[in-house]
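Tertiary structure, described
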Amino acid sequence: MNPMRATPISHDAGSAGLGHILAPGSTFEIIADDLRFGEGPVWHRREATFYWVDIVGDTIWRWSAARGRELVMRPSGKANGLTLDAEGRLVAAGWARRSIWRLEEDGSISTLSTHYEGKRINSPNDLVVKSDGAIYFTDPSGALNNVGMGGDDLQRYLDFHGVYRLEPSGELRLVVRDFVYPNGLAFSPDESLLYVNDTRAMLIRVFKVREDGLLDAGRVFAKVDGDGPGRPDGMKVDVEGNVYCTGPSGVHIFSPDGRWLGRIKVPGHITNFSFGGDDSRDLFVVTQTSVLRTRLGIPGLPVGPRD
Amino acid sequence: MNPIFECLYVAESKELGGLAWTGSGMLFADLGASMIRCFNPDTGKTDIWRRYTNRTNGIAFGPDGALYAAQESGRRVVRLLEDGSSRPTCSVLDGRYQNHPTFVAVDPAGSVWISDCFSVHPAAGPQIFPMQDCESVLRLRRSPQRPAGWCLERMVSGIEFPRGIAVSPAGDRLYVASALKGGNAGELCAYLIDEHGALGPKSVPYRADTAIHGLCVDDAGRVLACLDRLHGTTAGGIAIIDCEGAREDLWGVPGYTPIQCAFGGPANDELYVTTRQGALLRAVGMRGSIDARER
C-alpha cells in the first residue's frame, strides 16, 4: 500500500465558477504512482472499493481504505474502461481482447460481445450501463494501432469507430457511427441524454435517448480546449447534471447547458476519473502513471447496484 | 541499356514503400493511406489488398505463406494471414519496443531481417515507450520456447539509418543500405551469414554520393539498389551491383526517386519500383539483363 501523500490542487474557472464543486485549498491524495498507463476507474459502493486498470501493465487493481491496494487480475487482456452492472459485477471494455466482458463472482469471465454483423469489433474503450441493463460502449481502433496495447489479432475489420448498445439479450446495435474517435460516455441523471466525447475532434456530443434505447442525431455539446497534456477521454456526470470530461491539463466541467464552469488541474497526463466514496463526493483521478483522490462539493452519479 | 519504366499507378498519398510479388500480382505498401494495394498485370488494375495497415512499409512473404509487414506506426512486424487477420510477432528487445521497422527481408530459413530506424513520424498512441539506444538490423525468428513464440535479436548495431535490406538467394549473405550524412551519401553494407546464422564482418561493396533506399536481389545474386538521385542530376536511379562489389550498371529513373524495387511477373522478368512521388513503375522484358535464368 502506498503511503498517502497530498499535493495541492490548482484550478481555473469560467464566469459561473467552480466554488460549489471544488473547495478552496483542496488537495489530491496520491493512492498510486507506479502505473504504466492508468485507466478504467470505477467505485464499487457495496465493497467500498475503488477499481482501476493499468492497460500497459495488463492489470486490474483495486484499493480500499481498509485493505489498501490489491491485485484483481493479471493478465487482464489489457482491459480499458470498467463499470458495474446492476448486480455489482465488474464489466470491462476489453481493449486488446476486442470484447465486452464481465467478471463473475467466482472469478470466471463471461464474454458478452465480440462481433458486429459478423465482423470482429475494434477495441472497446469505455462503457456505461443503463438502468434497463443495456451496455453502451465506444469502439475506436486504438488498441489495434498503438504500441504496446494490442492483442492476438491487430487487424481492423470495421470501417467506422462506432458507439454501440449491447442489449441484455446479447444483441449488439450500432447507435452512432460517425465519430472520429469516440471515447468516454455518460448518461444524464434521468438517462434521457447520452454524452459521448471524441478524443481527436476535441469535443463532446450529446444525444437524446429514445425509448427503444437508440439515439437521435445528436449535436455538439461542448468543445474541450486548452493547453497541456490530456484530451477528451474519461467522462462522468454529477447529480445536478454537470458534465465532467478529461481534457488539457485536467478535468473540465460543463453545466447542463454546455457552459464551461472551469477546470480542476491535474498533474501529469489525465486519462479518466470516477466519483466514489459513501456519498459519491470523492473524485478519483487516474493519470497515465498515478491515481489521485480529492473531495467535491457535489456528489457524482453513482454506478452499479441501486441499493 | 536503360530500361523503360512505365507508370502503372499513382497514389494520392504520394508515399509508397515495400513491394512483394504474390504469384499473380504485385503488392505495394501505400503508407500514407495505411493500405497495401495490389497491381494485377493481367488486368492492369490496382485494387486494395489490405486496409488499416498502420503505416506498413516493408513487406515480404515468408515460407509459411504469411506476409510479414513492417508497421512503422506500430513499431512492430506483423504477420498478415490469408484469413484477413494480422498477428503479432515479437517487437520487444532488451525490454524496449523496437524503433520503427522500415523494410523486411525473409531468408530461405524463414528468418525475418528488419531494418529498424528512428523516424520523424511518431508511433501510434501515447508516446510513452522509449526508443532503442541505436538504429539496428534485427532478426525475427520462430522460437517455440519463448512466451510469444518468437525471438527478436539485434544482429547489426550502430548502423546509421538502415533502409533497404535483402538476403541472397542462397541465404548466405545479408545486404543493408545505410543512408549517411543526412541522406547525402549511402553505403551498401554486406555481411556473410554462416551456417549457424551468425554474421561475419561488414564489407562495403558499394558507396554512393546519395542516399540508398530499397534493395532487392536477382536470381544471380546481384543487388539492385534504389538511389535517391544520380550524380549531378535530380533524377533517381538504380545501381546494379554484383556479389563482389563491382557496379555492373546504373539506370536512370527520370522524374522519380525510387524507394523500393522488386521482381515479379509470371516469368519473374518485370521490375517494379515504388517512388517517393507515389508512382508504381514497371520495366518489362528484363530477361537477359537481370534474370539469371537467361544466363
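Look a little higher up for the structure.
A brief look at the structure comes next. (Residues numbered from 1 in each chain as written. Chains lettered and ligands numbered in written order. Predicted model: local features only at pLDDT ≥ 70, side-chain atom pairs only at ≥ 80, totals over all residues. Heavy atoms only, no water.)

A short note on the sheet that holds strand 9 (residues 86-88) of chain B
Residue and element names in this part refer to chain B.
- Spatially, 4 strands are ordered 6-7-8-9 in an open sheet, and the strand pairing comes out antiparallel. Both edges of this open sheet fall to strand 6 (56-61) and strand 9, since each of them pairs with a single strand only. Here the average twist between neighbouring strands, direction ignored, is 30°.
- Taken together, the 3 bridges between strand 8 (residues 76-80) and strand 9 define a ladder with antiparallel strand orientation. Each bridged residue has a counterpart across the sheet, and for Leu80 the counterpart in strand 9 is Ser86. (Pairing = 2+ DSSP bridges. Helix = DSSP H or I, 4+ residues; strand = E, 2+ residues; numbered from the N terminus. Axes fitted to C-alpha atoms, helices over the stretch in contact; angles between N-to-C directions.)

Side note on the nonpolar core
Residue and element names in this part refer to chain A.
- Judged by nonpolar contacts, the single largest core of 23 residues is most densely connected at Ile60, Leu82, Leu90 and Trp101.
- Secondary structure elements with two or more residues in this core: strand 5 (49-54), strand 8 (82-84), strand 9 (90-94) and strand 10 (99-103).
- The contact partners of Leu90, leaving out residues within four places of it in the chain, are Val42, Tyr51, Ile60, Leu82, Thr83, Leu84, Trp101, Arg102 and Leu103. (Core = buried A, V, L, I, M, F, W, Y, C linked by side-chain atoms within 4.5 Å. Buried < 20%, exposed > 50% of the residue type's maximum accessible area, 1.4 Å probe, protein only. Contact = heavy atoms within 4.5 Å.)

Considering unusual backbone geometry
- Residue A:Pro75 is reached from A:Arg74 by a cis peptide bond, and omega for that bond is 0°.
- By the secondary structure assignment, A:Pro75 is in the loop between strand 7 (68-73) and strand 8.
- Backbone geometry at B:Ser34 places phi at a positive 50°, although glycine is not the residue there.
- Structurally, the position occupied by B:Ser34 is in the loop between strand 3 (26-30) and strand 4 (35-40).
- If you check the backbone angles, B:Arg55 has positive phi at about 55° while not being a glycine.
- With respect to the secondary-structure elements, B:Arg55 resides in the loop between strand 5 (45-50) and strand 6.

Description of the interface of chain A and chain B
- Each partner contributes residues to the interface: chain A has 19 residues there, and chain B has 22 residues.
- Both faces combined, the contact of chain A with chain B buries some 1700 Å², and carbon together with sulfur accounts for 54% of it.
- Three residues stand out in chain A for area buried against chain B, namely A:Val147, A:Leu154 and A:Gln155, and they jointly supply 38% of the buried area on that side.
- Scanning the region where chain A abuts chain B turns up 1 salt bridge. (Buried area = accessible area lost by both parts, 1.4 Å probe. Salt bridge = Lys/Arg side-chain N within 4 Å of Asp/Glu carboxyl O.)

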